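# Descriptive analysis of the structure
So you can see what is in the structure, the chains are spelled out below.
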Amino acid sequence: VSTEALYKTDKDFSDALTGAYSLLRDQYQSIWEYDLPSDDARHQFASDDIELRMDNYTFQNNENLIRTTWANYYGVIYRANTILDKIAEADPALVANKDRYMAEARFLRALCYFDLVRLFGGVPGVTTAIDDEEALKTPRATVETIYNDIIIKDFQYAAGVLPVSYSGVDLGRPTKGAAAALLGRAYLTTKNFVNAETTLLDVAGMGYQLLTNYNDLFDYSKDEHHSEYIFDIEYETGIQQGSSFTNQFFPRFQPAQDFYKVYGGTGDTYTPSNALFEIFESGDKRKDVTASDGFIDGNGNFVSLQGSVGAKTMTKKYLTPITQGNDSKANWKVIRYGDVLLMLAESLNENSKTDDALIYLNKVRSRAGVPTYTSLTQAQARDTIALERRRELSFEGVRWFDLIRTGKAYETLAPLGMKDYMVLFPIPLTQIQIVNDPSILPQNPGW
């Protein structure tokens, strides 16, 4: 079917959006690899692969991971732009959900640019479906331009148009809360703490609630669209649309595979660092599911991972029984309410409202079963909130981006081998070669 004939009816645009979502599902299968350079995660099994190179800072500008990341995000952007171009001319009588589809497409475009700019810095800012010749002449925009002209505006538009919730087969599409939460994250990343506070306070008033039990966030026998859910990348087992996370993050240790019923191969990667074990307070209910060096078997005995062929530690955040490799039902949590509360606490503290910030910080700590705070200075609260984010959000792809946006990456990770220019990943070498004009697409410094 030609594109000229396709974009006519409501179903046409719905199907086109599904095509855009599908590329995101591919991309987020590997998004965690960009968190391996952080201090929370390690690739313990020293095979010569991209995970090891990301972990020890020896990755190069021609890595397949980096090439596919660029291609996937711009693939989604191209599809979203095509939808937006075509739907502008669509007859509302034939496209009943026209406004919603426009908001979904802009949400997806904003999400892609948000990830791109945090990984690579300034990138080509494209908001129409251009052809190859135009693409070769489109220069890198500044980081500020990408945020101000695309990310912020698209998330604002989406938050104003998208519905509060969905049901049935539409569950998983972005909502008003998802757009607002990610808008708040974008404001926080750009240090616009005033707008971050206002936006995240709005999200806090939308009816989201922390689950009573932290471990229920990672119990895949239960519905993942719960009171704390805001936006996931959706995967479904049994129809060849599952995720690889359960297999990828599991150790090569037969007793563990048999106990948890994880079959189909193991990736033996994205494992907790020694430093991560040390930051949890006594009685913290998040520790075992976040960072573990063993498990309690059916007889009540502790089985240590020291007997593992590869990794000696593991995260249990993506554990679910699996019979076919890389076909897990575990979603990737792009953003959830626990993250929103901690971002709100951070914004309030940066706006010199530390006592108010502690209210939201303490909500997260209370669920974890650890003591709450009654009084902190602004500087103490800043460090405390950053530490709490590690405890709450490790292995959810947050730590690396937190270190970058707070300017703490190099001083924190230099002892592990990071070079100062690695605050940005390299533009893929293939893209540099295709454009072949440093005035249009220059490489990031150091690469």
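It should be noted that the structure appears before, not after, this text.
A brief report on the enclosed structure follows. (Residues numbered from 1 in each chain as written. Predicted model: local features only at pLDDT ≥ 70, side-chain atom pairs only at ≥ 80, totals over all residues. Heavy atoms only, no water.)

## Thoughts on the packing of helix H9 (residues 193-204) against helix H14 (residues 337-350)
Under the convention used in this document: Each axis is a line fitted through C-alpha atoms, and for a helix only the stretch in contact is used; angles between axes span 0 to 180 degrees, taken between their N-to-C directions. We count a stretch as a helix when DSSP gives it H or I for four or more residues in a row; a strand needs E for two or more, and each element gets its number in order from the N terminus. Two helices cross in a left-handed way if the nearer one is turned anticlockwise from the farther one by less than a right angle. They cross in a right-handed way if the turn is clockwise. Residues count as neighbours in contact if any of their non-hydrogen atoms are within 4.5 Å of one another. For this classification, the nonpolar set comprises Ala, Val, Leu, Ile, Met, Phe, Trp, Tyr, Cys and Pro, the charged set comprises Asp, Glu, Lys and Arg, and every other residue, Gly included, is treated as polar.
It is at 9 Å that the axes of H9 and H14 come closest, and there the two elements cross at 140°. Here the hand of the crossing between H9 and H14 comes out left-handed. Note on element contacts: H14 touches H9 through Tyr337, Val340, Met343, Leu344, Ser347, Leu348 and Glu350, opposite Phe193, Ala196, Glu197, Leu200, Leu201, Val203 and Ala204. Considered class by class, the residues forming the contact of H9 with H14 number 11 nonpolar, 1 polar and 2 charged.

## Observations concerning the pairing of strand E6 (residues 332-336)
Selection rule: To sort residues, take the accessible area from a 1.4 Å probe on protein chains only and compare it with the maximum for the residue type: under 20% means buried, over 50% means exposed, and anything in between is partly exposed. At least two DSSP bridges between two strands are required for those strands to pair.
A large share of E6 lies buried, amounting to 5 of its 5 residues. Pairing of strand E2 (residues 229-233) with E6 involves 4 bridges; the strand directions are antiparallel. Each residue of the ladder has a partner; that of Asp232, found in E6, is Lys333.

## Quick look at the environment of Asn56
Note the threshold: Pairing of N or O atoms within 3.5 Å defines a polar contact, subject to two protein rules: one partner must be a possible hydrogen donor and the other a possible acceptor, and residues neighboring in sequence count only if both atoms are side-chain atoms.
Inspection of the secondary structure assignment puts Asn56 in the loop between helix H3 (50-55) and helix H4 (64-87). The spacing of Asn56 and Arg42 is 14 residues in sequence and 8.9 Å in space, taken between C-alpha atoms. Among the polar contacts listed, one links the side chain of Asn56 to the side chain of Thr58, at a separation of 2.7 Å.

## Brief notes about the packing of aromatic side chains
Keep this limit in mind: The criterion for an aromatic pair is that two Phe, Tyr or Trp rings (for Trp, the six-membered ring) have centres within 6.5 Å, with stacked assigned to planes under 30 degrees apart, edge-to-face to planes over 60 apart and tilted to the rest. Distance and angle both matter: a charge sits over a ring if NZ of Lys or CZ of Arg is within 6 Å of the ring centre and within 35 degrees of the ring normal.
Within this structure, the stated rule accounts for 29 aromatic pairs. Between Trp70 and Tyr74 the ring centres are 5.2 Å apart and the planes differ by 45°, which places this aromatic pair in the tilted class. Placement of the pair is Trp70 and Tyr74 together in helix H4, with a separation of 4 residues, close to one helical turn. Tyr74 carries the same exposure label as Trp70, and that label is buried. Grouping aromatic residues by their ring pairs yields a cluster made of Trp32, Tyr235, Phe245, Phe249, Tyr270, Tyr318, Trp332 and Phe395. Arg106 extends its terminal NZ or CZ atom over the ring of Tyr157, reaching a point 4.4 Å from the ring centre. The aromatic ring of Phe114 is capped on one face by Arg118, whose charged end is 4.0 Å from the ring centroid.

## A closer look at the pattern of salt bridges
What counts, and what does not: Salt bridges, as used here, are contacts in which a Lys or Arg side-chain nitrogen is within 4 Å of a carboxyl oxygen on Asp or Glu.
Evaluated as defined, the whole model comprises 36 salt bridges. A salt bridge links Arg286 to Glu388; the shortest N-O distance between them is 2.5 Å. Residue Arg286 is found in the loop between helix H12 (274-278) and helix H13 (287-290), and its partner Glu388 is found in helix H16 (residues 378-393); the two are separated by 102 residues along the sequence. We note that Arg286, like Glu388, is buried. Salt bridges here are not isolated pairs; linked through shared partners, they connect Glu228, Glu281, Asp284, Arg286, Lys317, Arg336, Arg365, Arg367, Glu388, Arg391, Glu392 and Glu396.

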